[in-house]
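Examination of the molecular architecture
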Amino acid sequence: MTTFTQEPEMTVMPDEMNGNSAGGYDANVTEALTFVEERIASRPRVGIVLGSGLGSIADAVENAAAIPYGDIPHWPRTTAQGHAGRLVFGDMEGVNVVVMQGRVHHYEGYSAGELTFPMRVLGELGISTLFATNASGGINLGYKPGDLVAVYDHINFMGINSLAGRNNEKWGPRFPDMTYAYDREYLEMLESAAMEEKISLRRGVYIAFSGPSFETPAEIRMARVMGADIVGMSTIPEVLAANHMNIRVAAVSCVANLAAGVKPEKLHHQEVLDSMTRAACSMERLLRAFLRKIS
Ligand code: HPA
């Protein structure tokens, strides 16, 4: 009979789950951090992640200095269409920001650890706020393409949790709370910012599937019953990492299309990009008004 005198030790598995069986995840974060620190004049306070088709918002950054993802050691490369792939440092509305112009997704083949890597580096750089944006499909039958939705909760249906693997206690606890994953004060700020800017902003629950296929109509009906208003393939991995690191999160989604089966027509990625390009202007206005509130 085998008796354990102490907890069985976790060995190779967790680091592999972090996508870093060789070299060490934390050391890679430190290497990327050092590389970035050497190239920026001041530390950002707010991290902004621009989703599909929203990359043009980075043009609004003043005193901008850009670092392509490809130059940063260990930084996962974006392969999705509509994602430029660089960090833009500078200011917006007087706030020191770092913009991630493009993100990586689970469907590109990235592991849990690779999906959290950018957030770990931004957290180490000292951001205390994350403003995440994305494109989504509208599940709620009251939504239409072009609508902006402030995310107030999520359903992680991706089949992975980006915090799986060895936990670094320096970043956060093993079992982080997600009751207020989307900061309540920020939600109110977003709503009053939207009111001031005369932008219609809804409040919704975001569900993420892993993709890359769009969902089936049956999956969308299931998601609606489960309480989801919008559907996408991103954001949750970084929101989990941000919360883990005690970074406050605001997330705004733009409804790019009605989700599968809401209309008889098939879904096309081009439709998503076109809607997002049209919505970029109101997203930028909302972001600016939000930044003025927290400055
Ligand atoms: N499903 C998943 N992700 C999406 C969609 C969708 O309908 N639209 C934009 N991103």
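Above this text you will find the structure in question.
Residues numbered from 1 in each chain as written. Predicted model: local features only at pLDDT ≥ 70, side-chain atom pairs only at ≥ 80, totals over all residues. Heavy atoms only, no water.

Concerning the site of the ligand
Stated formally: When at least one non-hydrogen atom of a residue lies within 4 Å of a molecule or strand, that residue is treated as near it. We define a polar contact as two N or O atoms separated by no more than 3.5 Å, with the added condition that, inside protein, one atom must be a possible hydrogen donor and the other a possible acceptor, whereas residues neighbouring each other in sequence contribute only through side-chain atom pairs. Methods summary: accessible areas were calculated by the Shrake-Rupley approach with a probe of 1.4 Å, and residue burial reflects only the protein chains presented.
All residues adjacent to the ligand are A135, S136, G137, F214, E215, V231, G232, M233, N257, L267 and V272. Within the backbone of A135, an N or O atom sits 3.4 Å from a nitrogen atom of the ligand. N257 places a side-chain nitrogen or oxygen 2.6 Å from a nitrogen atom of the ligand. In the complex, the protein chains occlude 95% of the 260 Å² of accessible area that the ligand would expose alone.

Examining the nonpolar core
Which entries qualify depends on this criterion: Throughout, nonpolar core names a set of buried Ala, Val, Leu, Ile, Met, Phe, Trp, Tyr and Cys residues whose side chains join them through atoms within 4.5 Å. Per-residue accessibility, obtained with a 1.4 Å probe over protein chains only, is compared with the maximum for each type, and a residue is labelled buried under 20%, exposed over 50%, and partly exposed between these values. To qualify as a helix, a DSSP run of H or I must reach at least 4 residues; to qualify as a strand, a run of E must reach at least 2; elements of each kind are numbered from the N terminus.
The biggest cluster of nonpolar side chains holds 45 residues, and the ones touching the most others in it are V36, W75 and L87. Looking at this core, the element that brings in the most residues is helix α2 (residues 25-37), giving 6 residues. Judged by nonpolar contacts, the second largest core, of 40 residues, contains V88, L201, M283 and I294.

Focus on the packing of aromatic side chains
Using the following cut-off: To pair, rings of Phe, Tyr and Trp, with the six-membered ring standing in for Trp, must have centres within 6.5 Å; the planes then decide the type, stacked if under 30 degrees apart, edge-to-face if over 60, and tilted in the middle. In this scheme, Lys NZ or Arg CZ marks a charge over a ring once it lies within 6 Å of the ring centre and within 35 degrees of the ring normal.
Going through the model one piece at a time under the given rule, you end up with 7 aromatic pairs. Between F131 and F290, the aromatic rings sit 5.4 Å apart at their centres with planes inclined by 45°, giving tilted as the arrangement. Here F290 lies in helix α7 (residues 269-294) and F131 lies in strand β5 (residues 129-138), a separation of 159 residues in the sequence. Note on accessibility: F131 and F290 belong to one class, buried. Ring pairs connect the aromatic residues Y25, Y69, W75, F117 and W171, which therefore count as one cluster. We note R39 situated over the ring of F35; from NZ or CZ to the ring centre the distance is 3.5 Å.

Structural notes on the environment of E62
Rules: The criterion used for residue contact is that any of the two residues' heavy atoms lie within 4.5 Å.
Here E62 lies in strand β2 (residues 62-68). Judged by its relative accessible area of 45%, E62 falls in the partly exposed class. Separated by 221 residues in the primary sequence, E62 and M283 have C-alpha atoms spaced 17 Å apart. Apart from the residues within four sequence positions on either side, E62 is in contact with G90 and D91.

Remarks on helix α3 (residues 112-125)
Let me state the cut-off plainly: A helix is expected to span 1.5 Å multiplied by its residue count minus one. Values of bend correspond, residue by residue, to the angle between axes fitted over the seven residues ending at that residue and the seven starting there.
Between its terminal C-alpha atoms α3 stretches 21 Å, which fits the 20 Å expected from 14 residues at 1.5 Å a residue. Along α3, the sharpest change in direction is near 30° and occurs at P118. Of all 14 residues in α3, 12 are buried, a share of seventy percent or more. Turning to α3, its buried residues number three or more, namely A112, G113, L115, T116, F117, P118, M119, R120, V121, L122, G123 and L125.

As for the layout of surface pockets
The condition is simple: A cavity here means a set of points on a 1 Å grid, drawn over the protein atoms and nothing else, where a 1.4 Å probe fits but cannot get out; a pocket is an open set with protein on both sides within 12 Å along at least five of seven lines, and a residue lines either one if it has an atom within 4 Å of a point. Grid points are joined across faces, edges and corners, and a volume is the space filled by probe spheres set on the points.
The calculated volume of the second largest pocket comes to roughly 190 Å³. As for the second largest pocket, its lining consists of P176, D177, Y180, A181, D183, N243, H244, N246, I247, R248 and V249. Looking at the lining of the second largest pocket, the elements with two or more residues in it are α6 (236-244) and β9 (248-258).

Describing the packing of helix α4 (residues 184-196) against α7
Worth spelling out the cut-off: Simply put, an axis is a line fit to the C-alpha atoms, just over the touching stretch for a helix, and the angle between two N-to-C directions goes from 0 to 180 degrees. Angles below 35 degrees are treated as roughly parallel, those above 145 as roughly antiparallel, those between 65 and 115 as roughly perpendicular, and all remaining angles as oblique. Here a crossing is taken to be left-handed if its near helix is turned anticlockwise relative to the far helix by less than a right angle, and right-handed if that turn runs clockwise.
The contact between α4 and α7 brings their axes to 9 Å, and the two run at 125°. Judged on the interaxial angle alone, α7 and α4 are oblique. The handedness of the crossing between α4 and α7 is right-handed. Counted together, Y186, M189, L190, S192, A193, A194 and E196 of α4 and L286, A289, F290, K293 and I294 of α7 form the full contact between these two elements.

Looking at α4
At 3.6 residues per turn, the α-helix brings residues three or four places apart onto the same side. Worth spelling out the cut-off: The arc in question is the one traced by the directions running from the helix axis out to the C-beta atoms.
Along its 13 residues, α4 runs 19 Å from first to last C-alpha, staying within 8% of the 18 Å computed at 1.5 Å per residue. Burial in α4 covers these residues: Y186, L187, M189, L190, A193 and A194. Around the axis of α4, the buried residues are gathered within 160° of arc, so they sit on the same side. For α4, the exposed residues set more than 90 degrees away from the buried face come down to E188 and M195. Looking one or two places after α4, you find K198, whose phi comes out positive at around 55°.

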